[in-house]
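Given next are the chains, with one letter for each unit.
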Amino acid sequence: MTGFNFGYQDPVPARITFEEWDDLFQQIPDELIEKFHYFPPNQDAWSKYLFPPQVFAIYGARHLRRLKFDNSLAALRLWGFVNNESERLFRARQIGRRVIAVMGDLGPLAVLVNAFPDCVPFYPDCWWWTPFVMESKVLLETAARLGIGEATCYSRAALGAFAKHSYFPDPDLIIAATGASCDDYSGVENLVARLTGSCLWVETPLRQPENIEPLSDLLVAEYHRVISALEELTGTHLTESALAQSIAQANAVRTMTARLRQLAYQDAVLPALEIMVIEFGCLHYYSDIAEWTAILRHLLATAEYRRQTRQPVVPPEALRLAWLTPPADPLLLTYAEDQGARIVATEYVINQALTLIDQSQPPLTAIARSHIDGSLNGTSRERAEMLIRQAQANRAEGLIISGILGGSHCAMESRLIGSLVREQLQIPVLEFDVAPPNREIDRQTKTRIDAFLELLRSRR
Ligand code: SF4
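So, a few notes on the structure that sits alongside this text. (Residues numbered from 1 in each chain as written. Predicted model: local features only at pLDDT ≥ 70, side-chain atom pairs only at ≥ 80, totals over all residues. Heavy atoms only, no water.)

## Description of the overall build of the chain
Link 1 in the chain: Helix and strand counts for the chain stand at 20 helices and ten strands.
Link 2 in the chain: Expected size for 460 residues packed as a compact globule is a radius of gyration near 23 Å; at 21 Å, the chain falls within 12% of this value.
Link 3 in the chain: Dimensions of the chain, computed from C-alpha atoms along their principal axes, come out at roughly 60 × 55 × 50 Å.
Link 4 in the chain: Intrachain contacts of the chain at a sequence separation of at least 6 include 75% that bridge at least 24 residues.
Link 5 in the chain: By element, 50% of the accessible surface of the chain is carried by carbon and sulfur atoms, the whole surface being about 18,100 Å². (Helix = DSSP H or I, 4+ residues; strand = E, 2+ residues; numbered from the N terminus. Rg over C-alpha atoms; globule rule 2.2 N^0.38 Å. Contact = heavy atoms within 4.5 Å. Areas by Shrake-Rupley, 256 points an atom, 1.4 Å probe, with all protein chains shown as cover.)

Below, the structure is given as structure tokens:
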């Protein structure tokens, strides 16, 4: 068994319920709970995070009661860490760190901020999951009162979170990318800027493969403005080596994530929900890159051990699905697995956070190039190709597109990408919009997923 477990023996791999984790947690020795702290090397009692899902459900994350979780210690560590991110951001403020909101580009700006000492970057964009996880419409209703209602993506929850001042501390600086990206989120950013009265805008260009150099020059110029603002805020001059170190750290996270995705998609050794959480860790490392890196090492050791000992957590013979656009409701992934499917390819609009940053290039140019590889700043055809390559490699048998009601890119490109996938891979495609936050998946969506999986089964 992996040395990361400090002698604790993981049970036979399984996806377990909320109640089963409660029972299993009784077997975790107290000494083990003391081992894991965020913001390492800090070891203060306030920074422990190895808690079972029950703790977070009591504090409002009620949807956890309906999900299924991987039963390894590494996964428990992942869930504890991810679920206490709000607390971590407030602690960051208490211990004198600068809390920097980066918005809209999902990946590259966090690498810049991370190069500054005692700065913690985070994407408020990720609070789009909060209404689902808390089974509450409070943030969406708050956003509606501020002018952005149902015709916009669930990411409008970020605006509600800014207005509430209780989901994360008021940032020391807000940096917002806009341009060739998501219209819905640009609208959210505009209202955040109006609400907070301050925002540093970063122009992001459309990808034009024949024109990469001028585009990356434009981004580098934009990044210089960001660096000046951060230097002024922190009183620190950014050195090339600090930036190179931040890139190396981001690449370490991205490399481990790539291997974990491969192990999950090809060897079925991690469930879809955990892998989605891992993928999204590439955005801002859940506000603590050092501890997130340690958690990834633990997950990797667990997954490699399961592969070597042939202990999958999901039946390898399950129906192989590709998934386009992250499901705002995480219960959808649990449901698909419960119904006999597994995920083998994803395009969750975060390609810019998954590709390796080229360490042989000047650092700012390399970060700019990683941005240019993004999911949303190119054509729909290019986005389709990102998915098709993976789906082909992992022999996906069907594609699910979970759209967002009002999400502009979904309305415009879901059908187009679906038909490209049908044409090139000759596999069925199911497209639906994710319903608003609720305790359960609505009956119509369940029926459509069931019928779709039945169709895939009949094609075997
Ligand atoms: S899910 Fe789509 S519509 Fe919503 S913020 Fe992200 S890119 Fe924009």
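## Comments concerning empty space enclosed by the protein
Link 1 in the chain: If you walk through the whole model with that rule in mind, you get two cavities of 30 Å³ or more.
Link 2 in the chain: For the largest cavity, the lining is made up of 32 residues, of which L106, C182, Y185, V349 and L376 are closest to its centre.
Link 3 in the chain: Where the lining of the largest cavity is concerned, the elements lending two or more residues are α10 (183–196) and α13 (272–284).
Link 4 in the chain: Looking at the lining of the largest cavity, the element that brings in the most residues is α10, giving four residues.
Link 5 in the chain: Its residues assigned to classes, the lining of the largest cavity comprises 16 nonpolar, twelve polar and four charged.
Link 6 in the chain: Size it by volume and the second largest cavity reaches roughly 60 Å³.
Link 7 in the chain: What lines the second largest cavity is simply A264, Y265, A268, L270, P271, A272, I275, V314, E337, R342 and I343.
Link 8 in the chain: Each residue belonging to the lining of the second largest cavity can be placed in one class, and the counts come to nine nonpolar, no polar and two charged. (1 Å grid on protein atoms, 1.4 Å probe; cavity = no way out; pocket = protein on both sides within 12 Å on 5 of 7 lines; lining within 4 Å. Points joined across faces, edges and corners; volume = space filled by probe spheres on them. Nonpolar A, V, L, I, M, F, W, Y, C, P; charged D, E, K, R; others polar.)

## Considerations on the nonpolar core
For soluble globular proteins, the rule of thumb is that nonpolar side chains tend to be buried together.
Link 1 in the chain: Counting residues in each nonpolar core, the largest one holds 163 residues, and the members touching the most others are L109, I175 and W292.
Link 2 in the chain: When near neighbours in sequence (up to four residues on either side) are disregarded, I175 contacts I100, A101, V102, M103, L109, V113, L200, V202 and V226. (Core = buried A, V, L, I, M, F, W, Y, C linked by side-chain atoms within 4.5 Å. Buried < 20%, exposed > 50% of the residue type's maximum accessible area, 1.4 Å probe, protein only.)

## Topic: the packing of aromatic side chains
Note on aromatic pairs: each is described by the distance of the centres and the angle between the planes.
Link 1 in the chain: Applying the stated rule across the entire model yields 16 aromatic pairs.
Link 2 in the chain: Here the aromatic rings of Y38 and F39 are separated by 5.3 Å at their centres, their planes lie at 85°, and the arrangement is edge-to-face.
Link 3 in the chain: Relative accessible area serves as the criterion here: at 3%, F39 is assigned to the buried category.
Link 4 in the chain: Three or more aromatic residues joined by ring pairs form one cluster here, namely Y49, F81, Y286 and W292.
Link 5 in the chain: Here the basic side chain of R88 rests over the ring of F81, its NZ or CZ set 3.7 Å away from the ring centre.
Link 6 in the chain: Taking the ring centre of F39 as reference, the NZ or CZ of R97 above it sits at 4.3 Å. (Phe/Tyr/Trp six-rings, centres within 6.5 Å; stacked < 30°, edge-to-face > 60°. Lys NZ or Arg CZ within 6 Å of the ring centre and 35° of its normal.)

## Comments concerning the environment of I58
Link 1 in the chain: Considering the arrangement of structural elements, one finds I58 in helix α3 (residues 53–58).
Link 2 in the chain: Judged by relative accessible area, which is 71%, I58 ranks as exposed.

## Comments concerning the sheet that holds strand β10 (residues 429–434)
Link 1 in the chain: An order of β8-β7-β9-β10 is seen for the four strands of this open sheet, with the pairing classed as parallel. Edge positions in the sheet fall to β8 (341–347) and β10, since each of these pairs with one other strand and no more. Between one strand axis and the next, the sheet turns by 30° as a mean value, whatever way the strands run.
Link 2 in the chain: Judged from the six bridges that link them, strand β9 (residues 398–404) and β10 form a sheet pairing that is parallel. When the bridges of β10 are listed, L399 appears paired with V429.
Link 3 in the chain: Sitting on the sheet, helix α20 (residues 443–458) is in contact with β7 (319–324), β8, β9 and β10, with an inclination near 165° to β10. (Pairing = 2+ DSSP bridges. Axes fitted to C-alpha atoms, helices over the stretch in contact; angles between N-to-C directions.)

## Things to note about the layout of surface pockets
Link 1 in the chain: Of the pockets and cavities examined, the largest pocket occupies roughly 820 Å³.
Link 2 in the chain: Lining the largest pocket are 28 residues, with V82, N83, N84, S86 and V133 sitting closest to its centre.
Link 3 in the chain: Among the elements of the structure, α3, α4 (73–83), α5 (85–94), α7 (130–133) and α13 are those that each provide at least two residues to the lining of the largest pocket.
Link 4 in the chain: Looking at the lining of the largest pocket element by element, the count peaks at four residues for α13.
Link 5 in the chain: For the lining of the largest pocket, the class distribution of residues is 21 nonpolar, five polar and two charged.

## Thoughts on helix α15 (residues 331–338)
Link 1 in the chain: Extensive coverage of α15 is indicated by the burial of seven of its eight residues.
Link 2 in the chain: Restricting attention to buried positions, one finds in α15 the residues L331, L332, L333, T334, Y335, A336 and E337.
Link 3 in the chain: Positive phi appears at G340, one or two residues downstream of α15, with a value of about 100°.

## As for the sheet that holds strand β5 (residues 173–179)
Link 1 in the chain: In spatial order, the strands read β4-β3-β5-β6; together these four strands make up an open sheet with parallel pairing. Two strands lie at the open edges of the sheet, namely β4 (119–122) and β6 (200–204), each paired on one side alone. Averaged over all adjacent pairs, the angle separating strand axes in this sheet is 20°, with direction ignored.
Link 2 in the chain: Where strand β3 (residues 98–103) meets β4, four bridges bridge the pair, whose relative direction is parallel.

## Comments concerning helix α18 (residues 380–393)
Link 1 in the chain: If you check α18, its first and last C-alpha atoms are 20 Å apart, about what 14 residues at 1.5 Å a residue would give, namely 20 Å.
Link 2 in the chain: Among the residues of α18, S380, E382, R383, A384, M386, L387, I388 and A391 are the ones counted as buried.
Link 3 in the chain: Of the residues flanking the end of α18, it is R395, one or two places downstream, whose phi is positive at about 55°. (Expected span 1.5 Å × (residues − 1).)

## Some thoughts on unusual backbone geometry
Link 1 in the chain: For the bond from P40 to P41, the omega torsion is 10°, close enough to zero to count as cis.
Link 2 in the chain: Looking at the element boundaries, P41 is found in the loop between α2 (30–35) and α3.
Link 3 in the chain: The residue R395 is not glycine, and still its phi comes out positive at about 55°.
Link 4 in the chain: Counting through the fold element by element, R395 comes out in the loop between α18 and β9.

Take it as geometry only, folks, not as evidence of what the structure does.
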